[in-house]
Amino acid sequence: MDSRFGVTELEDLPEDLRERIGVIAEKSGFVPNVFRALGHRPAELRAFLDYHDALMERSDGLSKAERELVVVATSGANHCTYCVVAHGAILRIRAKDPELADRVATNPWQVELDERGRAIVDLALALCREPEQFGEAHLEAARKAGLTEDEIWDIGSITALFAMSNRLAHLTALRPNPEFYGMGR
């Protein structure tokens with residue numbers, strides 16, 4: 001069972017989503033289960049994809065590897081197996097490092113990172129784990145490490161999107177596609 005709420009196959013999605021997800025499936029060789037799980041609510045899947053792409057596919061600010069670093073760190077802190085495995089694969093590929101994702105996912109608080117990476121992860125974790133405690137001190141530490149206001153916004157937005165994604169994965173008991181485990185190794 002890939003999701004406790006069932007899944008929608010690619011051919012059963014509306015045409016626009018079939019085309020959009022088809023491009024991803026063609027590139028990766030499979031349809032990620034998250035799209036199959038969210039597919040029974042096409043409007044929500046479209047909104048998810050639009051926001052995901054707006055944050056994760058930007059060409060300025062954080063690198064694509066840094067964006068994935070935020071996802072893996074916060075998903076690890078939230079114990080989200082699906083997002084850790086799926087985005088861990090992407091992080092391995094984008095960072096060209098077969099070990100980084102596993103180290104970040106298992107203990108993002110203690111993983112050795114350069115100053116910029118540490119600032120990114122610390123800011124994301126502060127917002128992820130204790131949002132009610134989040135404030136100026138966290139922002140100042142990020143600025144002191146050289147992060148721009150735009151990059152800080154991206155970290156916060158990515159953390160927020162994946163908080164939602166992590167909760168949906170928990171709700172649906174979403175299983176990672178087996179193909180993710182070996183990617184980038």
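Residues numbered from 1 in each chain as written. Predicted model: local features only at pLDDT ≥ 70, side-chain atom pairs only at ≥ 80, totals over all residues. Heavy atoms only, no water.

For the chain, the name recorded in an unreviewed UniProt entry is Peroxidase-related enzyme, with Amycolatopsis thermophila as its organism.

1. Here's the deal with empty space enclosed by the protein
The line we're drawing: Think of a 1 Å grid over just the protein atoms. A cavity is a set of points where a 1.4 Å probe fits yet cannot get out, a pocket is an open set with protein on both sides within 12 Å along at least five of seven lines, and lining residues have an atom within 4 Å of a point. Grid points are joined across faces, edges and corners, and a volume is the space filled by probe spheres set on the points. Labels follow the DSSP assignment, with helices taken as runs of H or I lasting at least four residues and strands as runs of E lasting at least two, numbered in each case from the N terminus. By the convention adopted, Pro, Cys, Tyr, Trp, Phe, Met, Ile, Leu, Val and Ala count as nonpolar, Lys, Arg, Asp and Glu as charged, and the other residues, Gly among them, as polar.
The final tally for this structure, using the stated rule, is 1 cavity of 30 Å³ or more. Considering the residues around the largest cavity, the lining is formed by Val34, Leu38, Phe48, Tyr82, Cys83, Ser165, Leu168, Ala169, Thr172 and Leu174. Breaking the lining of the largest cavity down by element, the ones donating at least two residues are α2 (33-38), α5 (81-95) and α9 (149-172). A per-element tally of the lining of the largest cavity places α9 first, with 4 residues. Among the residues making up the lining of the largest cavity, the classes are represented as 8 nonpolar, 2 polar and no charged.

2. Here's the deal with the side chain of arginine 36
What counts is decided by this rule: Side-chain atoms alone can form a polar contact between residues adjacent in sequence; in general such a contact is a pair of N or O atoms within 3.5 Å, and within protein one must be able to donate a hydrogen while the other accepts it. We call two residues in contact whenever any of their non-hydrogen atoms come within 4.5 Å of each other.
By the element assignment, arginine 36 lies in helix α2. Side chain to side chain, arginine 36 and aspartate 2 meet in a polar contact 2.9 Å long. When residues no more than four places from it in sequence are discounted, the contact partners of arginine 36 are Asp2, Val7, Thr8, Glu9 and Val31.

3. With respect to the layout of surface pockets
The volume enclosed by the largest pocket comes to roughly 740 Å³. For the largest pocket, the lining is made up of 26 residues, of which Ile24, His52, Glu57, Ile90 and Arg94 are closest to its centre. Contributions of two or more residues to the lining of the largest pocket are made by α1 (15-28), α2, α3 (42-56), α5 and α9. Element by element, the count of residues in the lining of the largest pocket is highest for α5, at 7 residues. Each pocket or cavity is described by its volume, and for the second largest pocket that value is around 200 Å³. In terms of lining residues, the second largest pocket is bounded by Ser63, Ala65, Glu66, Leu69, Leu91, Ala95, Asp97, Leu100, Leu113, Asp114, Arg116 and Gly117. For the lining of the second largest pocket, the secondary-structure elements that each account for two or more residues are α4 (64-77), α5 and α7 (115-129). When residues of the lining of the second largest pocket are assigned to their parent elements, the largest contribution, 3 residues, is made by α4. Classifying every residue of the lining of the second largest pocket by side-chain character gives 6 nonpolar, 2 polar and 4 charged.

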